[in-house]
Every structure is written in C-alpha cells, then in structure tokens.
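A structural walkthrough
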Number of protein chains: 2
Amino acid sequence: MRIIVDSIGGDKGPGEIIKGCVEAVNELDINITIVGKEDEIKEELSGYNFSKDSIDILNAKDMITNEDDPALAIRRKKDSSMVVGLKALAEGYGDAFVSTGNTGALLAGGLFIVKRIEGIERAALATVYPTRKGFSLMLDIGANVDCKPEYLKQFAIMGSIYSEKVLGIKSPKVGLANIGVEEVKGNNLVRESYKLLKDANINFCGNAEVRDIPEGVMDVIVCDGFIGNVILKLTEGMAITMFSILEEEFTKSFKSKIGAMMLKPQFKSLKNRLDYREYGGAPLLGLKQLVVKAHGSSDAIAIKNAIKQAKTFVDKDVIKIIESEINILEK
Amino acid sequence: MRIIVDSIGGDKGPGEIIKGCVEAVNELDINITIVGKEDEIKEELSGYNFSKDSIDILNAKDMITNEDDPALAIRRKKDSSMVVGLKALAEGYGDAFVSTGNTGALLAGGLFIVKRIEGIERAALATVYPTRKGFSLMLDIGANVDCKPEYLKQFAIMGSIYSEKVLGIKSPKVGLANIGVEEVKGNNLVRESYKLLKDANINFCGNAEVRDIPEGVMDVIVCDGFIGNVILKLTEGMAITMFSILEEEFTKSFKSKIGAMMLKPQFKSLKNRLDYREYGGAPLLGLKQLVVKAHGSSDAIAIKNAIKQAKTFVDKDVIKIIESEINILEK
C-alpha cells in the first residue's frame, strides 16, 4: 500500500508533515510518496532515520494557498503539490491522498481529477466528532458550504454506511443537525432535507438538537458543510476558551493552585477526549478513490494519525462498499 | 413603567415565569401585567407576597406552542397569550413584552402587530454572548433562519448602534461569523454580506472565525438566525458536556475528589461566566416597541433578569436611537 502525502498547505509548514510521514512509515506497514518541493523535502528527510525504500518524492514546483480560488487553482496550477498528488492517485500510483491544504481546492480537485462515484452528487467531508459517550460521525464538515436537500440525503446514506461498515455500529442512529427537535424547526434546507431523510432507507432518528450533539445523541450527524464547519470550529474554540478561563481561575489562590495540580491527570484526560488530532483526518466520502483532508494546523502526530486512518480505510475497502450500497439504497 | 409578561411557552411551565414576575416587582420599580390563564395565574400568585397594585392579569384562553406554524398561529390564535400580550403592547398598555414562547411566532407577531421601524427589512434577535474577555453582542440568534445579505447589513448596523449606545462600547468592532478569516471563505450568504458590510458606516473588522468567538475577538457578531442559534446552543451544550465529563473524571480517585473540592469556587465562577441566565432575554431589534424573547428553559431568575433588561432598554430609549440612527447610516 502506498499513501501519497501533500507536504504543502499546513499552517506549521512542511517540516511537521514530513516528520509525520517518517513516523508513519516507521510505525505502519506502508509506503509513502511525499509531494512538494523536492530539495526542501530531501533536506528535511535527511534528519531522520527510516527505511529509504519506504518513502519517495514527487516534485511539485507550485503550491495552492488558502487564498486561491478553489476551482481556478485546480485548473491552472498544474504543477501544484495538490494537483500533482491527486493525478498520481487517479493514475493508480497510490491508494490514498492526504493533504492539509485548501479544503475547497481539495474538493474541486477530488471532483475534477479523482471523480465522483456514479450516482453521487457531491462528495462530503466526514469526521469523527468526540462526544461524552464516545464519538459521532459528522458530515459534511466543510466541503460543500451551499447544499441542496438531495445532497444531505446522500450524505446521510454515505455516513450511515460508513458508520455501520467501518465503525462497526449496528443500525446507526442518523440525525439532522438542527436548532430544535421538532420537525418544523430550522431553515429551508434543513426542513426540506428532513422530508427526504424520512423516506431514506436508513435509521433516521429526526433532528439532532445542536445543544445535545456534544452528549453524543446520534451516531451520524448530517449537515451542510458550513454548519458542520461551524460546529467543529466552535467546539474547538469552546474547549480552548474554557481551559484558558479555568487556568485564569486556578491561579487566583494558593489553594486553587494546589487543587489544580491534584487534578492534572483528569484535565489531561479531558483534553485527550476532546483532541481532534487523536482522530486524524477527514475522508472525502463519495469519490472513486480515497482523498483525506487533514486539519490545517496538524502537527506530526495528526499527520501520522491521518495516514494511519487512510490505511484502515483502504484495508477495509470502504469506497467499494459505498459504491455498491449507495446504488441499492438509492433505488 | 409597565412590562407585559407572557406566562405561556416556557419549558418549566407558568409557575417559574410567575415567580420571576413577583421577584421583579419586589426588586425593581416597575409594574407587570401577566398574560395567560387568569385562574392559573391567580392561584400561583396567591402563594407570594408582593404589592397587589404592581401586578395585574390579562386573561388569554389560548396558547401558541412550539409545534405551531409561526405565521398561522399569530393570525388564527387571537386569544393566545402571545397575541393578547403583543396587542396590549401595540395599543400602549405597556412599554415592553417579554415571552418565552415560540421564537418564530414572536417574530411574526412582532412584525404583524408591533410592526417594524421604517427602513428595517427584518427584526433581529440579539443577545449578549459570554466570552473569555467579557461578552460580545450576537445577532441574529434565531428570528430569521433564512437571510439575505441586506438583512445581515442591517443587523450589523443595529448591533453596532446597540453596542455603542447601550453597552457603552466606543466604535464597536463588528465581525461576520464565518468558518475562516479570509474574505473568500464561507457560503454564498456570508460572502455577499461581507461586500455589503465593507461599505457600511460601521467599524467592520472582517470575518469573526467561529473558533475565536468564545475568546471575544469582536464586540458585535453578525450572522443569520440559524447560524446564531447553532452557535448559542452548541456553546450551552459544550459547557454542559464539559462539566459532565469533568465530574466523571473527578470522581475517579480520592485525590481527584479532594482536588475538585478545593476548586469548587473556581468552577462556580466559570459556570457563572458562561450562564446565559445571568444575561436575561434577547431583544428583537428593529421593531417599533420593545419585544424580548426569554430562553425557553428560563427559570424564575432568568425571567427576572429578562424583565430587568427590558426595563433598562426602555429607560435608555434604545428603539428611538435605532430609529434615528438607522436612517442616517442607511443614507
């Protein structure tokens, strides 16, 4: 198995991504192709120990930034690491592509170069969302910021399949992210989607009240990519802010400093339960081959986990299962 | 001054609402009119001590529920507490109307019965959102689940005025809730709104990345009512879930139980900083008279705070200021 990894696009620069690649080949039984500026990658790699056969490099002179228009960048920046990597994937050089870059460009590239499964209208980014009970699968989390009800129906079907076949959850409870549990609640998109989901061949359990999502009320949370991204980013922001406030409060007295020291393992455990890095990347569900979006601020651990996750997806043949199941369910 | 309070629509039933009214008249220099089932209200009131002149009752036989279609309910349920209360307000019997009921119906009723300020396309629900630095004003938080860019521009102007004139913040920083700071990020609505806000006569500071909202990056956060409600509900849900997880973690060992006991005042302080009840209700900005939406799960404290807030708004003549300022700024 060979995973192709984009060295460009991460907030922390190529260094962390390359470090994650080295850790991945040292830990997992895989090969990796790193795409990006060859000289830069070679220099970074020279500092690490690993089996030289397990990593090769695809040179890419150009890069796509977060400021680039997604569709234009994919069409025009033929020498960018993202386009070079996606083409290598489409041509069968590797089994999966992992990138921390521009989400919109990765989706556009996935659609133009890797292409959608027949019958799928939009590919959706899915991620594991940590909850009190464990986790929910959430999709779309940012690939499609403007959606139609039909897209959300397909997201629900793909998410349900993924949850059942890959995460091993029997008859997963599928919920629609909404501002209330009642059927009449929500905006036009959500209300129209509700009607379609009721008729889909999945275990649709109605609206997932956003307030209840962190508790883990549903196995699969369906939403458009704007809402999904808002939920994800606010969850991160709330965790960061609550820890900052607690730190402020805890340093207020000697007694509270002692108390905080005694609770260090418990706070560490809470932080781990909420840490997106533990869960690696987000697969683009609905494409003919696996494309994984890793978080822009991923460090080496997050990159390694995204690669590990990609390996599991390929091992379990997820795309073939979606391909066959979506056509049965859609009938 | 007379505040009209709807006894129907709260998750906890009329008892908590009536208790809040009694506490309000006992604490503040105001009169209250409670709208709802007269017998029920009389019986509840009989258990409290208060100056009998300060509370009167408006009988309303019917009620609007959360399952009702907002516009239909306002048109057809003439005897509902919400319609009776809003009519009393429009006819000058009181200075403000506070309700925990169906948000959509309250907006529809506000528009049909109390009516919009000339030049305002939609009334927006605004609320004080607690942050690490203090608070931000957020609008719309649920009155308009489907918006046009023009609405968001007016929300920004009203929010800016409110923040400056009532909350006393000089040249408030106005931000657009979005999934990234870059101008190209977001869905169609947000990107179109960005262009309009750049040209508005306010201190527009670009996108408020949702992840940074809990830190308090902006004084005014502008968004459509669906996103605003998602942000608000997820903030509550995250706080509830994080406290639950901490409680689970803290009871794991004797040492952690002791540590948690030592930190009790600090946790209480954090809870208070995040408690929506401390901030009372949400004013509907853009109407000719003051209508306040109190949280559906409000207890007596929340109701009392919503009434107190309504008193302050009336005292400060907020609506007149918006009325005059919006016309200057819109030119």
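Residues numbered from 1 in each chain as written. Chains lettered and ligands numbered in written order. Predicted model: local features only at pLDDT ≥ 70, side-chain atom pairs only at ≥ 80, totals over all residues. Heavy atoms only, no water.

The name given to chain A in an unreviewed UniProt entry is Phosphate acyltransferase, and the organism recorded there is Keratinibaculum paraultunense. The record in UniProt for chain A states the following under Subcellular location (unreviewed entry): "Cytoplasm". Here is the UniProt Subunit (unreviewed entry) comment for chain A, exactly as written: "Homodimer. Probably interacts with PlsY." (UniProt positions renumbered as here; feature names shortened; annotations may be inferred.)

1. Side note on the side chain of Asp-140 of chain B
Residue and element names in this part refer to chain B. Residue placement: Asp-140 occurs in the loop between strand E6 (135-139) and helix H6 (149-165). One buried charged side chain, Asp-140, makes no salt bridge at all; its nearest oppositely charged neighbour is Arg-122, positioned 8.6 Å away. A polar atom in the side chain of Asp-140 sits 2.8 Å from the backbone nitrogen of Leu-125. Apart from the residues within four sequence positions on either side, Asp-140 is in contact with Ala-124, Leu-125, Phe-155, Cys-223, Asp-224, Gly-225 and Gly-228. (Helix = DSSP H or I, 4+ residues; strand = E, 2+ residues; numbered from the N terminus. Buried < 20%, exposed > 50% of the residue type's maximum accessible area, 1.4 Å probe, protein only. Lys, Arg positive; Asp, Glu negative; His and termini not counted. Salt bridge = Lys/Arg side-chain N within 4 Å of Asp/Glu carboxyl O. Polar contact = N/O pair within 3.5 Å; in protein donor to acceptor, adjacent residues only side chain to side chain. Contact = heavy atoms within 4.5 Å.)

2. Details of the interface of chain B and chain A
Listed as interface residues are 59 residues of chain B and, on the opposing side, 59 residues of chain A. Across the chain B/chain A interface, buried area totals approximately 5600 Å², and carbon plus sulfur atoms make up 71% of it. Notably, a salt bridge pairs Arg-211 of chain A with Glu-236 of chain B, separated by 2.7 Å at the nearest N-O pair. Linking chain B with chain A are 12 residue pairs in polar contact (both at pLDDT 80 or more). Elements supplying a minimum of two residues to the side of chain B that touches chain A: strand E7 (174-178), helix H7 (188-199), helix H8 (225-250), helix H9 (254-262) and helix H10 (264-274) of chain B. At 22 residues, the largest contribution of residues to the side of chain B that touches chain A is made by H8 of chain B. Taken together, the residues that form the side of chain B that touches chain A break down as 28 nonpolar, 17 polar and 14 charged. (Buried area = accessible area lost by both parts, 1.4 Å probe. Nonpolar A, V, L, I, M, F, W, Y, C, P; charged D, E, K, R; others polar.)

3. Things to note about the relation of the copies chain B and chain A
It takes a turn of 180 degrees to lay chain B on chain A, together with a shift of 0.0 Å along the axis; the resulting RMSD is 0.1 Å. Considering both components of the superposition, the chain copies are consistent with a two-fold axis. When C-alpha distances to the rotation axis are compared across chain B, the minimum falls at Gly-259 of chain B, with a value of 2.0 Å. Here 98% of the interface residues in chain B have copies in chain A that are interface residues too; the copies meet face to matching face. (Least-squares fit on C-alpha atoms with pLDDT ≥ 70 in both.)

4. Observations concerning the packing of aromatic side chains
Under the defined criterion, the tally for this structure stands at nine aromatic pairs over all chains. Plain terms: the ring middles of Tyr-194 of chain A and Phe-204 of chain A are 5.2 Å apart, the flat faces sit at 80 degrees to each other, and that makes the pair edge-to-face. On the criterion of sequence distance, the pair formed by Tyr-194 of chain A in helix H7 (residues 188-199) and Phe-204 of chain A in strand E8 (residues 204-209) is long-range, its members being 10 residues apart. Taken together, the ring pairs in this structure connect Phe-243, Phe-250 and Phe-267 of chain A together with Phe-250 and Phe-267 of chain B into an aromatic cluster. (Phe/Tyr/Trp six-rings, centres within 6.5 Å; stacked < 30°, edge-to-face > 60°.)

5. Describing H7 of chain B
Since the α-helix packs 3.6 residues into each turn, any two residues three or four apart lie on the same face. In this model H7 of chain B runs 18 Å from its N-terminal to its C-terminal C-alpha over 12 residues, within 8% of the 16 Å that 1.5 Å per residue would give. Looking at the packing, one finds that the buried side of H7 of chain B touches helix H8 (225-250) of chain A together with H6, E7 and strand E8 (204-209) of chain B. (Expected span 1.5 Å × (residues − 1).)

6. What to know about the pairing of strand E6 (residues 135-139) of chain A
As a general feature of sheets, a regular strand has side chains that alternate between the two faces. Residues and elements named next belong to chain A. Across the five residues of E6, four count as buried, placing the element largely inside the fold. Linkage of strand E5 (residues 124-130) to E6, two consecutive antiparallel strands, is achieved through a turn of four residues, within which Gly-134 is found at a positive phi near 155 degrees. Across three bridges, the pairing between E6 and strand E9 (residues 220-222) is parallel. Of the residues in E9, the one forming a bridge with Met-138 is Ile-221. (Pairing = 2+ DSSP bridges.)

7. Quick notes on the domain arrangement of chain A
All names here are of chain A. For chain A, the assigned domains read domain 1 (1-120 + 286-318) and domain 2 (124-279). A straight line from the C-alpha centre of domain 1 to that of domain 2 covers 26 Å. Taken together, the contact pairs 16 residues of domain 1 with 13 residues of domain 2. In total, domain 1 and domain 2 occlude about 1300 Å² of area from one another, counting both sides; carbon and sulfur atoms represent 58% of this. (Domains from an automatic or database assignment.)

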